[in-house]
Amino acid sequence: MKKIRIAIQKSGRLNEDSLQILKDCGISIDNGKDQLKASSRNFPLEVFYLRNGDIPQYLRDGVVDIAIIGENVLIEKGEDISIAEKLGFSKCKVSLAVPKSVKYKSVADFEGKRIATSYPNTVKNYLDSKGVKADLHIINGSVEIAPNIGLADAICDIVSSGSTLFKNNLKEVEVMLTSEAVLAVSPQISQERTVLLEDLRFRIQSVLRARQSKYVLLNAPNEKLNEIIGLLPGMRSPTVLPLAEEGWSSVHTVINKDKFWEVIQELKKAGAEGILVCPIEKMVL
Ligand SMILES: Nc1ncnc2c1ncn2[C@@H]1O[C@H](COP(=O)(O)OP(=O)(O)OP(=O)(O)O)[C@@H](O)[C@H]1O
Ligand SMILES: O=P(O)(O)OC[C@H]1O[C@H](OP(=O)(O)OP(=O)(O)O)[C@H](O)[C@@H]1O
Ligand SMILES: [Mg+2]
């Protein structure tokens with residue numbers, strides 16, 4: 001049987017979370033740390049460990065069928081490559097920044113300025129769309145230092161917490177795009193391997209849904225049941241079971257992790273007791 005070939009970042013910010021999501025999908029990989037290639041024992045999958053920046057070309061050439069990669073890299077180097085799933089980790093922005101002392105008014109201020117970046121296509125497309133022409137200096141790392149050493153007037157790079165900008169006395173002035181890790185697909189993937197991709201996507205979706213949700217159990221006095229059920233979203237509707245003690249019920253449901261603390265407060269006010277919150281491993285609709 002053919003195996004589906006996936007590219008994963010060899011080392012760096014995406015490596016650990018990429019391996020974790022495969023693991024959560026029940027896919028075990030025999031992983032010698034310095035290997036370039038590994039196989040799964042229990043899923044027809046081969047893993048290639050590659051540089052993030054090289055992955056769009058490998059996808060285009062059909063050397064790998066799928067990849068976990070930052071959306072920002074696809075926008076820079078792989079606009080022709082499609083995205084099968086957004087994976088919810090490595091969230092960041094790609095932004096333009098200038099020294100704090102600069103009085104910035106609008107994107108027109110970049111006209112004729114020197115901008116240091118590892119994302120030349122992204123910057124060029126953005127500035128073109130605004131009718132601005134700048135002078136791009138392509139550098140591969142430590143971009144934020146460029147204005148301090150007189151190499152550029154401004155930079156374009158990844159911003160997450162903003163602390164790298166802060167340390168280098170820069171301020172973010174334009175957010176060009178937001179990004180997260182995605183599952184990207186080669187335009188050359190075969191029919192046979194597309195079937196494996198669908199199987200993998202089914203598992204990934206179940207894992208991502210579960211990561212977004214909490215399983216909640218609580219006790220409620222029967223006279224408050226309607227009010228409490230009204231507060232709960234649930235997958236279809238909450239499960240209600242009688243407790244051994246007369247007049248009380250146990251209510252089970254699923255709550256989105258972002259809404260969770262708000263809902264818990266409301267449940268308590270409505271008379272819920274003994275609230276348990278549990279992680280969910282997989283969630284299949
Ligand atoms: N500070 C950050 N916060 C969140 N996500 C980030 C951050 N920095 C980078 N990323 C995301 O992780 C990806 C990989 O970043 P990383 O710095 O590990 O690799 P790289 O040096 O860009 O690539 P390569 O693997 O080619 O060396 C980026 O493309 C981006 O999507
Ligand atoms: O807003 P922040 O939270 O500070 O994150 C942004 C920084 O993170 C990335 O660098 P990384 O740490 O990956 O180092 P690198 O330049 O060696 O890739 C990116 O290139 C920025 O410099
Ligand atoms: Mg980096």
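Just so it is clear, the model here is predicted, and its values are computed rather than measured.

Cut-offs used in this document
In every chain, residue numbers begin from 1 and rise along the written sequence. To label them, take the chains in the order written and letter them from A, then take the ligands in the order written and number them from 1. Confidence filtering applies because this is a predicted model: local features only for residues at pLDDT of at least 70, side-chain atom pairs given and counted only at 80 or more, and all residues used for totals across whole chains, interfaces and linings. Placing the C-beta atom from the backbone, one calls a residue near a molecule or strand if that atom lies within 6 Å of it. The way it works is that DSSP assigns letters per residue, a run of H or I at least four long becomes a helix, a run of E at least two long becomes a strand, and they are numbered from the N terminus. Under the scheme applied, nonpolar residues are Ala, Val, Leu, Ile, Met, Phe, Trp, Tyr, Cys and Pro; charged residues are Asp, Glu, Lys and Arg; polar residues are all the others, including Gly. Remark: C-beta atoms are placed from the backbone, and a residue is labelled buried if 20 or more other C-beta atoms sit within 10 Å of its own, exposed if 12 or fewer do, or partly exposed between those counts. By the convention used here, strands pair only if DSSP detects at least 2 bridges between them. For every element, the axis is a line fit to its C-alpha atoms; helices are fit only across the contacting stretch, and the angle between N-to-C directions ranges from 0 to 180 degrees. Two residues qualify as a contact pair if the distance between their C-beta atoms, derived from the backbone, is within 7 Å.

Topic: the site of ligand 2
Working step 1: Taken together, the neighbourhood of ligand 2 is formed by Arg13, Gly141, Ser142, Glu144, Asp157, Ile158, Val159, Ser160, Ser161, Gly162, Ser163 and Thr164.
Working step 2: Those elements that place two or more of their residues in the shell around ligand 2 are strand 9 (154-159) and helix 5 (163-167).
Working step 3: Examining the composition of the shell around ligand 2, we find that three residues originate from one element, strand 9, more than from any other.
Working step 4: Grouping the amino acids of the shell around ligand 2 by side-chain chemistry returns two nonpolar, seven polar and three charged.

Examining helix 8 (residues 260-269)
Working step 1: Here helix 8 lies mainly on the outside; one of its ten residues are buried.
Working step 2: Gly271 sits one or two positions beyond helix 8 and adopts a positive phi of about 110°.

Side note on the sheet that holds strand 2 (residues 37-39)
Working step 1: Within the open sheet, the six strands sit side by side as 2-3-1-4-11-5. Their pairing is mixed. At either margin of the open sheet sits one strand with a lone partner, and together these are strand 2 and strand 5 (82-86). The sheet shows a mean angle of 30° between the axes of neighbouring strands, taken without regard to direction.
Working step 2: As paired elements, strand 4 (residues 66-70) and strand 11 (residues 181-185) share five bridges and run antiparallel to each other. Paired with Ile68 across the bridge in strand 11 is Leu183.

Topic: the sheet that holds strand 15 (residues 273-279)
Working step 1: If you walk across this open sheet you meet the four strands as 13-14-12-15, and the pairing is antiparallel. Because the sheet does not close on itself, it has two edges, and the strands there are strand 13 (239-242) and strand 15. The mean angle between the axes of side-by-side strands here comes to 20°, regardless of whether they run parallel or antiparallel.
Working step 2: Across four bridges, strand 13 lies against strand 14 (residues 248-256) in antiparallel orientation.

Section: the pairing of strand 14
Consecutive residues of a regular strand have side chains that alternate between opposite faces of the sheet.
Working step 1: A one-sided burial pattern is seen for strand 14, the buried positions being Ser249, Val251, Thr253 and Ile255 and the unburied ones Trp248, Ser250, His252, Val254 and Asn256.
Working step 2: Here strand 12 (residues 213-221) runs beside strand 14; their pairing, made up of nine bridges, is antiparallel. Each residue of the ladder has a partner; that of Ala220, found in strand 14, is Ser249.

Quick word on the environment of Glu174
Working step 1: With respect to the helices, strands and loops of the structure, Glu174 is situated in strand 10 (residues 170-179).
Working step 2: Separated by 134 residues in the primary sequence, Glu174 and Ser40 place their C-alpha atoms 43 Å from one another.
Working step 3: Those residues in contact with Glu174, other than ones at most four positions away along the chain, are Ser95, Leu96 and Val107.

Examining the site of ligand 1
Working step 1: Around ligand 1, the structure places 15 residues, and the nearest of them are Gly12, Asn52, Gly53, Gly70 and Ser160.
Working step 2: Here the residues of the shell around ligand 1 sort into four nonpolar, nine polar and two charged.

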